[in-house]
Amino acid sequence: MIRLLVRNIKEIEVLKMNEVRVRIAPSPSGNLHIGTARTALFNYLFAKKNNGKFILRIEDTDAERTSQAYIDNIFDSLKALGLNWDEGPDIGGPYGPYTQSERFDIYPKYVQELLDKGFAYECFCTPEELEAEKKEAAENKKPYVYTKKCENLTEEEKAKLRAEGRKPAVRFNISKAQKAFHDSTILKFNDLVKGELHMDTSLLGDFVILKSNGTPTYNFAVVIDDMLMKISHVIRGEDHISNTFKQILIFEALGAEVPRFGHLGMILAPDRSKLSKRHGATAVSEFVEKGYLTDALVNFVALLGWSPSDGKEIKTIDEIAADFRINEISSSNSIFEYDKLNWMNSHYIKMLSIPELKERLKPYLTKYDLSELTDAQYTRMVEVTYEPLTLLSDITDAVPYFFGEGVEIDEKARETLDSDVSQDVLKTFIEQAKDWDWTEENLHEKLEQFRAFYKEKGIKPKVTMWAVRAAVTGRLCGADMTAILAIIGKDKTFNRVNSAIKQTV
RNA sequence: AGCGGUAUCGUCUAGUGGUUAGGACGGGAGAUUCUCAUUCUCCAAACAGGGGUUCAAUUCCCCUUACCGCCGCCA
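Read on for a plain summary of the structure. These numbers come from a predicted model, not from an experiment. (Residues numbered from 1 in each chain as written. Chains lettered and ligands numbered in written order. Predicted model: local features only at pLDDT ≥ 70, side-chain atom pairs only at ≥ 80, totals over all residues. Heavy atoms only, no water.)

### Topic: the pairing of strand 4 (residues 169-172)
So, point 1. Taking every second residue as pointing to the same face, both faces of strand 4 are buried, with Ala-169 and Arg-171 on one and Val-170 and Phe-172 on the other.
So, point 2. Direction of pairing for strand 3 (residues 120-123) relative to strand 4: antiparallel, over a ladder of 4 bridges. Within the sheet, the bridge partner assigned to Glu-122 lies in strand 4 and is Val-170.
So, point 3. When strand 4 meets strand 7 (residues 208-210), the two strands line up antiparallel, connected through 2 bridges. By the bridge assignment, Val-170 is partnered in strand 7 with Leu-210. (Buried < 20%, exposed > 50% of the residue type's maximum accessible area, 1.4 Å probe, protein only. Helix = DSSP H or I, 4+ residues; strand = E, 2+ residues; numbered from the N terminus. Pairing = 2+ DSSP bridges.)

### Some words on the sheet that holds strand 4
So, point 1. Strand order across the open sheet formed by 3 strands is 3-4-7, with antiparallel pairing between neighbours. Lying at the two open borders of the sheet, with one neighbouring strand each, are strand 3 and strand 7. Along the sheet, successive strands turn relative to each other by an average axial angle of 45 degrees, direction set aside. (Axes fitted to C-alpha atoms, helices over the stretch in contact; angles between N-to-C directions.)

### Some remarks on the protein's contact with RNA strand B
So, point 1. In the neighbourhood of RNA strand B, 57 residues make up the surrounding shell, with Ser-242, Leu-303, Gly-305, Gly-478 and Asp-480 lying closest.
So, point 2. Across the atoms of RNA strand B situated within 4 Å of the protein, the share located in sugar and phosphate is 72%.
So, point 3. Here a sugar or linking oxygen of RNA strand B and a backbone polar atom of Leu-476 are 3.4 Å apart.
So, point 4. Elements with a minimum of two residues in the surface near RNA strand B: helix 5 (127-139), strand 4, strand 6 (195-200), helix 9 (241-253), strand 11 (334-335), helix 13 (338-351) and helix 20 (461-473).
So, point 5. Grouping the amino acids of the surface near RNA strand B by side-chain chemistry returns 21 nonpolar, 15 polar and 21 charged. (Near = heavy atom within 4 Å. Polar contact = N/O pair within 3.5 Å; in protein donor to acceptor, adjacent residues only side chain to side chain. Nonpolar A, V, L, I, M, F, W, Y, C, P; charged D, E, K, R; others polar.)

### Overview of the nonpolar core
So, point 1. Core analysis: the largest hydrophobic core is formed by 109 residues, its most contacted members being Phe-336, Phe-402 and Phe-429.
So, point 2. In terms of residue count, helix 21 (residues 481-500) provides more of this core than any other element does, 10 residues in total.
So, point 3. In this view, Phe-402 contacts Glu-372, Leu-373, Met-381, Val-384, Thr-385, Ile-484, Ile-487, Ile-488 and Lys-492; residues no more than four positions away in its chain are not counted.
So, point 4. Core analysis: the second largest hydrophobic core is formed by 37 residues, Ala-120, Ile-174, Leu-197 and Ile-209 among them. (Core = buried A, V, L, I, M, F, W, Y, C linked by side-chain atoms within 4.5 Å. Contact = heavy atoms within 4.5 Å.)

### Looking at the environment of Asn-442
So, point 1. Within the secondary structure layout, Asn-442 lies in helix 19 (residues 440-456).
So, point 2. With relative accessibility at 17%, the residue Asn-442 sits in the buried group.
So, point 3. Distance in space between the C-alpha atoms of Asn-442 and Tyr-364 is 32 Å, their sequence separation being 78 residues.
So, point 4. Other than its neighbours up to four places away in sequence, Asn-442 contacts Trp-436 and Asp-437.
So, point 5. A polar atom in the side chain of Asn-442 sits 2.8 Å from the backbone oxygen of Asp-437.

### Here's the deal with the packing of helix 18 (residues 420-433) against helix 20
So, point 1. Running from N to C, helix 18 and helix 20 cross one another at 75 degrees; their axes reach a closest spacing of 9 Å. Between helix 18 and helix 20, the angle is such that the two are roughly perpendicular. When helix 18 is examined against helix 20, the residues Val-421, Ser-422, Val-425, Leu-426 and Phe-429 are found in contact with a partner set consisting of Val-463, Thr-464, Ala-467, Val-468 and Ala-471.
So, point 2. Within the contact of helix 18 with helix 20, the residues separate by chemical class into 8 nonpolar, 2 polar and no charged. (Parallel < 35°, antiparallel > 145°, perpendicular 65-115°, else oblique.)

### Regarding the pattern of salt bridges
So, point 1. This structure, assessed with the given rule, holds 28 salt bridges.
So, point 2. A salt bridge links Asp-225 to Arg-57; the shortest N-O distance between them is 3.7 Å. One end of the pair, Asp-225, is in helix 8 (residues 218-228); the other, Arg-57, is in the loop between strand 2 (53-56) and helix 3 (68-81), and 168 residues separate them in sequence. Here Asp-225 and Arg-57 have matching classes, each one buried.
So, point 3. With a closest N to O distance of 3.8 Å, Glu-151 and Lys-148 form a salt bridge.
So, point 4. Where salt bridges share partners, they join Arg-23, Arg-57, Glu-59, Arg-103, Asp-225 and Asp-226 into one cluster. (Salt bridge = Lys/Arg side-chain N within 4 Å of Asp/Glu carboxyl O.)

This is the structure in structure tokens:
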């Protein structure tokens with residue numbers, strides 16, 4: 001009985017060890033970047049698919065570049081995208097804290113362990129000395145690697161340097177770790193998306209793991225945190241591949257289980273450079289402000305590297321998760337093209353219900369006085385204007401003629417109004433329409449008759465309507481004319497048409 | 001410079017040792033419509049180049065080229 005229990009516990013332990021735990025670890029030195037969002041998405045999808053945990057960790061070891069506003073932005077953006085985390089700074093979890101700056105007292109212990117095991121050593125080189133070495137390497141067109149000058153300092157030498165007031169940094173001894181755990185200088189690992197990756201670690205310089213100010217560097221803090229948080233799979237951008245080799249060695253030096261790694265291709269701007277401000281929005285929050293729907297953003301970004309097995313590209317995040325296989329992700333870079341995102345966004349806008357649209361459009365209608373319209377009129381306005389929208393914000397410029405008394409006439413409309421035909425149409429319109437019953441249903445019928453009336457005179461329906469449209473809306477294209485007239489009402493219509501009619505002496 | 005990675009229509013991609021190399025966005029043409037848009041139909045558009053291996057290569061191997069990334073006491 002007891003034996004059975006022990007066995008069960010062991011099995012549970014094994015299961016726990018095998019539990020999928022992934023993380024997204026943004027550094028709060030900016031708003032959540034769309035590329036980071038994609039990495040987060042793939043981590044999230046992988047976790048969901050494998051019944052694992054998705055963890056958020058804030059990497060703020062560099063205090064100078066960190067700000068609370070960025071942290072908030074990261075939280076908000078991730079939430080808006082629907083990438084809810086199971087453990088994180090705000091909600092805690094079994095392996096917290098989840099903010100690196102709050103973990104600073106954890107790291108020294110492991111630095112000491114590495115020091116004790118001989119996998120790390122103190123380095124007293126000054127920034128100036130290092131700079132000189134780098135410069136020399138560059139002049140000789142040699143790749144720069146740290147000289148290991150401080151590797152074998154004696155206690156006396158160290159004491160002397162300390163007495164001079166020098167504060168040491170701690171460097172990781174790559175060759176020692178490599179030798180301890182591998183037969184050659186070649187380090188290999190099997191990447192989840194790229195397959196086997198290898199690297200000659202003798203080409204790597206001993207890197208700093210603890211800065212002279214006592215704070216850990218990224219490469220070290222990441223390993224300690226991933227180890228302590230029992231991260232099973234590290235999915236991140238391929239710009240981290242060279243870090244991965246260093247990090248694997250630290251895991252090994254610490255006697256920790258090495259997680260599995262997967263490296264994603266990068267997202268590039270259309271000019272194949274890094275996606276930056278000059279290409280437009282880069283932060284998720286900027287896209288949202290512009291009127292992109294987070295569902296569309298998620299769907300679009302998932303398609304950068306991943307493709308659905310059934311060929312249907314429009315999918316919810318849950319559907320994508322169910323269909324997600326990390327090894328099927330494309331390992332090449334992909335270009336962020338707005339064309340498809342825009343198409344997808346308009347598609348998602350069309351899938352929104354009218355009540356939902358009415359609410360979501362409101363932030364983009366603040367320059368108008370919505371109280372001019374009844375709820376029924378506003379509903380109708382939305383119904384007849386939402387279809388051509390690419391962005392929610394497009395609504396702003398699509399609806400000015402529903403508001404205010406007069407209307408601004410654009411150039412094309414002006415030209416149209418100036419023609420004799422248009423003037424004739426408008427005069428006739430006033431004459432006929434004054435007796436019309438002003439319901440949309442009736443207007444539809446009357447306008448049809450009105451067009452027929454002119455068609456008999458050889459005037460195309462298009463031309464007839466252009467005159468009315470130009471007078472009432474000030475432009476040549478826009479929503480359904482019948483609906484427009486019904487919404488703005490008879491008085492406004494007449495006022496606008498009348499003011500478009502030239503007064504002849 | 002060194003090291004690592006990637007290479008299918010313009011873009012995102014599917015796919016296979018023998019296929020008319022498929023889809024989506026974008027582009028073009030047409031239909032519908034009071035306009036713009038929507039919607040629908042149709043069309044054009046790709047295996048980077050050179051060597052191998054093989055009866056057969058877009059697919060496997062090598063080289064070249066191009067592009068991306070990394071070479072911090074940044075993350």
